[in-house]
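In case you want the letters, here they are:
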Amino acid sequence: MIRFILAALVWFASTAAAIAQDVVWIQVEAKSTLASAQDRARSFDADLDDVAGYSLGGRWYGIVLGPYLRDDATALLVDLKRARRIPADSFIALGNSFGQQFWPIGVGAPTTAQPLPTTTDPDTPVAEPETPAVETEAPTAEVTLIAVPDETPREARASEAQLSRQERKDLQVALQWAGFYSAAIDGAFGRGTRRSMRDWQEANKHEPTGILTTGQRLELRAAYDAVLDGVDMQLIRDDASGIEVLVPGGVVTFADYEPPFVRFEPKGDLDARVLLISQHGDQDRLFGLYEILQTLKIVPSEGPRSRSKSSFELEGIGDDIHSYTTARLKNGEIKGFTLIWPAGDDERRRRILQEMQDSFATFDGVLDPSLSKPDEDQAIDLISGLQVRKPRLSRSGFYIDTGGTVLTSSTAVDGCEKLTIDSEHDAQVVHIDDALGIAVLRPNAPLAPLDTAVFQTGTPRLQSEVAVAGFPYGGVLVTPSLTFGKLADLRGLNGEETIKRLTLTAQEGDAGGPVFDNGGAVLGMLLPRSDQNGQILPAEVSFSIDSDQIIGSLSEAGINVRVTDSIAFMPKGELTMRAADTAVLVSCW
């Protein structure tokens, strides 16, 4: 058997001579993973003569035919294309970019021009070989077989010496992925690397020499790349965005331009997506993009995120998807990408992400904003065609101190993984009174509200005008709405002295909002609507928890609030401004 190392040495020595003699190859295909390249080489080898495979550099692997003299190769190329036995984009290759051979495994490919093979009609039937009779033998005891190595240790070390530093690092990465290596990825084959090679050889039934042969290296690399089978990583160069990157072309396909995004949507059942990010900008726009992306459904709220002066990274980990986004500002251009992948497929997601990070490159030019399509369906909950992440529910609340502490309904905070004030500020529950139905939130970072509630401790007049400030439409409107009504009773329907009955048609989202008297003082907090004893109450019947009850509960929690017993009058315009300064949107995520 001709050893690979001998063929490799001959190939390197004869490259110049081969070019001088006009010896060429026919390149029929290139793949981005070794496993897929080996599969295609095997497929071509079953139908064609002189099939070989070489590394092309940059993680690409080429399948070729040859070598042949140029005239022979040109004629053969035409014949094979006409017979549709090779792809239409096959071409003549000089071979000066060929690296390590990966096909045939363990056998050196020829380096001198081969006789022109006969191109037979692919429709001509081929006689099937007769199947030889197989003698049935009695079962024997199971024996662990050691694979016959394709190279001696000396030959393996010699072929190993031809590896580039990056190829040596790649081997360490593959050993690490296989669970045999845990030290630094440095391309230096010291004791730790040799030990991991020996352990891998033992686990895979090879002679444990601590030096991987050419075939074993290919076997290891093929196992490492197997996770990408079917993904078909493809290098795309998008002139509109000025971005070049590998994308999983087997599962996503270009959809459209929605500046600042180039969108790649799923090809099939796998819910995977890719976005390329490209726009003009400065640091303010970069920081704005960082904030906006976190409002989108494609970036779940959980996950690490970081931002520097000129770049950011966002990782979103949800029940259904796991996404990663990065962008960088350079020379007035913001460019990056997002990979959205189904949750639970972490090994494949990490490999694809690594390929995208390693291959990502930019060149001049950004997406033209005019590429957007304003005449298509638009919605307030879409940004550049991407769905905005929505809270599980939204209710109303209001500031009760100068640090931004908020009072709201206890139902607004029940079962929430995350709470926000006005969709931007994260908050925590610091007090809850289920008996009254109130909850107190404190922002993670202190806020400075324009105004805070003043609780009314005096007795209001029946049938006096009241108003509820709230967010009946969630976050669609950025300021609260005022709903006016009357104070119908100082007690509940059953005489409860802890609540007041209102004649006021409130919406579900108004619950937790402040109930103002006509002087701008807070009579209480609007309670969620609930039917009593199976009865459906009229739409105009609402209830608020009494301010005295709220003050008492807050006092026990050590929270002090402003109070008044003066009955005053405030014009509706001023009341609207107070409501805007006091009421907040409370979101449960």
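A brief look at the structure comes next.

What counts and what doesn't
- Residues numbered from 1 in each chain as written.
- Predicted model: local features only at pLDDT ≥ 70, side-chain atom pairs only at ≥ 80, totals over all residues.
- Heavy atoms only, no water.
- Helix = DSSP H or I, 4+ residues; strand = E, 2+ residues; numbered from the N terminus.
- Contact = heavy atoms within 4.5 Å.
- Areas by Shrake-Rupley, 256 points an atom, 1.4 Å probe, with all protein chains shown as cover.
- Axes fitted to C-alpha atoms, helices over the stretch in contact; angles between N-to-C directions.
- Parallel < 35°, antiparallel > 145°, perpendicular 65-115°, else oblique.
- Nonpolar A, V, L, I, M, F, W, Y, C, P; charged D, E, K, R; others polar.
- Buried < 20%, exposed > 50% of the residue type's maximum accessible area, 1.4 Å probe, protein only.
- Arc of directions from axis to C-beta.
- Polar contact = N/O pair within 3.5 Å; in protein donor to acceptor, adjacent residues only side chain to side chain.
- Salt bridge = Lys/Arg side-chain N within 4 Å of Asp/Glu carboxyl O.
- Disulfide = S-S within 2.5 Å.

Concerning the overall build of the chain
At step 1: The number of helices and strands found in the chain is 11 helices and 31 strands.
At step 2: A fraction of 63% describes how many contacts in the chain between residues 6 or more apart in sequence connect residues 24 or more apart.
At step 3: Roughly 29500 Å² of accessible area belongs to the chain as shown, and the carbon and sulfur atoms make up 50% of that amount.

Quick word on the packing of helix α2 (residues 34–45) against helix α7 (residues 214–225)
At step 1: For the pair α2 and α7, the least separation of the axes is 7 Å and the interaxial angle reads 110 degrees. Taken together, the axes of α2 and α7 lie roughly perpendicular to each other. For the pair α2 and α7, contact is made by Leu34, Ala35 and Gln38 and by Leu218, Arg221, Ala222 and Asp225, respectively.
At step 2: Its residues assigned to classes, the contact of α2 with α7 shows four nonpolar, one polar and two charged.

A short note on helix α10 (residues 547–556)
At step 1: By the burial criterion, the buried members of α10 are Ser547, Ile550, Ser553 and Leu554. Axial view of α10: buried residues confined to an arc of 130 degrees, hence all on one face.
At step 2: Between the side-chain oxygen at the start of α10 and the backbone nitrogen of aspartate 548 there is a gap of 3.0 Å, and the oxygen is on aspartate 546.

Regarding the pattern of salt bridges
At step 1: Tallied over the entire structure, the rule returns 23 salt bridges.
At step 2: The salt bridge involving arginine 348 is made with aspartate 345; its shortest N-O contact spans 2.9 Å.
At step 3: Assessed through its relative accessible area of 22%, aspartate 345 is described here as partly exposed.
At step 4: Taking the shortest distance from any N to any O, the salt bridge between arginine 395 and glutamate 508 comes out at 3.3 Å. Remark: glutamate 508 occurs in the loop between β26 (499–503) and β27 (514–517) and arginine 395 occurs in strand β18 (residues 393–399); sequence separation between them is 113 residues.
At step 5: Counted as one network, the salt bridges with shared partners bring together Arg221, Asp225, Arg351 and Glu355.

Brief notes about the state of the cysteines
At step 1: For the structure on display, the rule yields one disulfide.
At step 2: Here cysteine 416 connects covalently by a disulfide to cysteine 588, the sulfurs 1.9 Å from one another. The sign of the S-S torsion, about -115 degrees, decides the handedness of the disulfide formed by cysteine 416 and cysteine 588: left-handed. Remark: cysteine 588 occurs in strand β31 (residues 583–588) and cysteine 416 occurs in the loop between β19 (406–409) and β20 (419–421); sequence separation between them is 172 residues.
At step 3: Looking at cysteine 416, the relative accessible area reads 21%, which means it is partly exposed.
At step 4: Relative accessible area serves as the criterion here: at 0%, cysteine 588 is assigned to the buried category.

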